[in-house]
Amino acid sequence: MRVLLLGSGGREHALAWKLVQSPKLTELHAAPGNPGIASLGQCHPVRADDAEAVLGLARALQIDLVVVGPEVPLVAGLADVLRAGGVSVFGPSRGAAAIEGSKLFAKEVMAAAGVPTAATLTEPTAPCVLKADGLAAGKGVVVCHTQAEVEEGLSELVGLGGDLVIEELLEGPEISVFALCDGATCLALPVAQDFKRAEDGDVGPNTGGMGSFAPVPGFDAEAIESLVDLTCRPILAELAERDHPFIGTLFTGLMPTPDGPRVLEYNCRFGDPETQSLVPLIQGDLLEVLVACAAGDLSGAQLEQAPGAAVTVVLAARDYPARGDTGSPISGIGAAKATGALVFHAGTALRDGSVVTNGGRILNVTGVGSDIRVACDAAYAAADLIAWDGVRRREDIAFAASRGATPATG
Ligand code: AMP
Ligand code: GLY
């Protein structure tokens, strides 16, 4: 089976790492990919958001399945162009991807499906959360504790154009739930947690994610099934009824509250950096499941969860998220891998055969172990071996969970 993987981040490198383990895979192609993915398959200089070019590439390579990493091409309708061109794809249509692409649509679908979420407010009065309706590369949500933050947030978001959603502010830890969907039914992966803030102790600016771990204590298979029953299956049914069956990864960001779980957001794709912690915990053939989803029939497919845990530490540029870094030589990747840890590339490039920085989030180091503490120690021990001028990371990824805290206890 020939697979074309779209995207260029740590999430896509982690997916590539898992897909090449499938006995069914004959060729892995990626567009545009990155130097880590290039060690597993062939990268092509085609942008994931250039739908016609992706379709041309898929046809030229006689691709059996396209796997789409990022949300932007999905929300723009890439999967529709590929399917209309006769190419099988793991990723939702434009209509289904609107669950991430439009906050207003997501709120409306949640209400129709009876999914518990933060209440929608009519006035921007603190405390509240302001959300731009459309995709905004992580800059579309402003959490406001004070009225001054509300005023500042309003002027920022008005600058983005489009409609606004005003929501009740919920406080507490968040978890990420991933369901692989075939348009009607789904298979859940372990629950993960990511660390969005730039600095230790969950302070500083929001980022794409500075680290992750899985599984989250307190969420065993039974608990995950009841979360999926509450927050994913009703959405799948509602979207299918609207003729937008969701094929791909439905990623639910939710908060367990004293009144029960509340959905904060849906995404139409795998999480980054959650995926880096999830793939080492998936036993079985992920490719087979993605193919079954794309074909619209998950019946009979299954994925077991490996015992143990995984922790991912993001190594970022000095000024991330304000600015990335380019061209600084990176040392120690081989030594880090030699410890048994996984090193996934995100913002790297090759210069004269050597790996250099090329972005904000540069590398992901994933430790796997018998429990979160062992995995965490493994991730940091390997991360210690990697260096470049200005490398920065959080020191507290999975720290609380590795010492027994659960989302319910903080
Ligand atoms: P979103 O763009 O909807 O994914 O939101 C991004 C992040 O903003 C979430 O992951 C939360 O950290 C935060 N957030 C969103 N909605 C709320 C809410 N109602 N209360 C508190 N935090 C929120
Ligand atoms: N880690 C959060 C996301 O991928 O959106």
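Basis of the calculations
Residues numbered from 1 in each chain as written. Chains lettered and ligands numbered in written order. Predicted model: local features only at pLDDT ≥ 70, side-chain atom pairs only at ≥ 80, totals over all residues. Heavy atoms only, no water. Axes fitted to C-alpha atoms, helices over the stretch in contact; angles between N-to-C directions. Helix = DSSP H or I, 4+ residues; strand = E, 2+ residues; numbered from the N terminus. Parallel < 35°, antiparallel > 145°, perpendicular 65-115°, else oblique. Contact = heavy atoms within 4.5 Å. Nonpolar A, V, L, I, M, F, W, Y, C, P; charged D, E, K, R; others polar. Pairing = 2+ DSSP bridges. Near = heavy atom within 4 Å. Polar contact = N/O pair within 3.5 Å; in protein donor to acceptor, adjacent residues only side chain to side chain. Areas by Shrake-Rupley, 256 points an atom, 1.4 Å probe, with all protein chains shown as cover. Core = buried A, V, L, I, M, F, W, Y, C linked by side-chain atoms within 4.5 Å. Buried < 20%, exposed > 50% of the residue type's maximum accessible area, 1.4 Å probe, protein only.

Novice: Summarise the packing of helix α6 (residues 94-101) against helix α7 (residues 103-113); cite the residues concerned and give the values.
Specialist: With their axes 6 Å apart at the nearest point, α6 and α7 run at an angle of 100° to one another. In this view, α6 runs roughly perpendicular relative to α7, as classed from their interaxial angle. Residues Gly95, Ala98, Ile99 and Gly101 of α6 lie in contact with α7, whose contacting residues are Lys103, Phe105, Ala106 and Val109. Counted by class, the contact of α6 with α7 contains five nonpolar, two polar and one charged residues.

Novice: An account of the sheet that holds strand β6 (residues 128-132) is needed here, citing residue identities and associated values.
Specialist: Reading across the sheet, the three strands line up as β7-β6-β8 and stay open at both edges, with antiparallel pairing between neighbours. Each edge of the open sheet is held by one strand with a lone partner, namely β7 (141-144) and β8 (164-167). With direction set aside, neighbouring strand axes in the sheet form an average angle of 15°. Of the strand pairs in this sheet, β6 and β7 are connected by four bridges, and their pairing is antiparallel. Its bridge partner being in β7, leucine 130 is matched across the sheet by valine 142. Helix-sheet contacts for α7 involve β6, β7 and β8, and the interaxial angle to β8 is about 50°. Across the sheet, helix α8 (residues 147-160) is in contact with β6, β7 and β8; its angle to β6 comes to roughly 10°.

Novice: I'd like to hear about the site of ligand 1, residue by residue, with values.
Specialist: Taken together, 13 residues are adjacent to ligand 1, and Lys103, Glu167, Glu174, Lys196 and Glu265 come closest. Contacts to ligand 1 include glutamate 168, whose backbone N or O atom sits 2.9 Å from a nitrogen atom. Starting from 480 Å² of accessible surface for ligand 1 in isolation, the protein chains cover 87%. For the shell around ligand 1, the secondary-structure elements that each account for two or more residues are β6 and β16 (260-267). Counted by class, the shell around ligand 1 contains six nonpolar, no polar and seven charged residues.

Novice: Give a description of the packing of α7 against helix α10 (residues 233-241) that names residues and reports values.
Specialist: Put simply, α7 and α10 touch, their axes get as near as 9 Å, and they point 105° apart. Between α7 and α10, the crossing angle belongs to the class labelled roughly perpendicular. Contact residues: α7 offers Phe105, Val109, Met110, Ala112 and Ala113, while α10 offers Pro234, Ile235, Glu238 and Leu239. Broken down by class, the residue content of the contact of α7 with α10 amounts to eight nonpolar, no polar and one charged.

Novice: With reference to specific residues and values, describe the side chain of threonine 257.
Specialist: Topologically, threonine 257 is positioned in strand β15 (residues 247-257). A polar side-chain atom of threonine 257 sits 2.6 Å from the main-chain carbonyl oxygen of glycine 260.

Novice: So what about the site of ligand 2? Which residues, and what values?
Specialist: In the region of ligand 2, the neighbouring residues are Asp194, Gly208, Phe251, Asn267, Arg269, Gly271, Asp272, Pro273 and Glu274. Arginine 269 places a side-chain nitrogen or oxygen 2.9 Å from an oxygen atom of ligand 2. Measuring from a nitrogen atom of ligand 2, one finds a side-chain N or O atom of glutamate 274 at 2.8 Å. Within the complex, the protein chains bury 87% of what would otherwise be the 200 Å² of accessible surface of ligand 2.

Novice: Tell me about the nonpolar core, and please be specific about residues and values.
Specialist: If you look at the biggest cluster of nonpolar residues, it comprises 85 residues, and the most contacted ones within it are Val66 and Ile235. Excluding its chain neighbours within four sequence positions, the residues that come into contact with isoleucine 235 are Ile99, Val109, Met110, Ala113, Val115, Leu250 and Tyr266.

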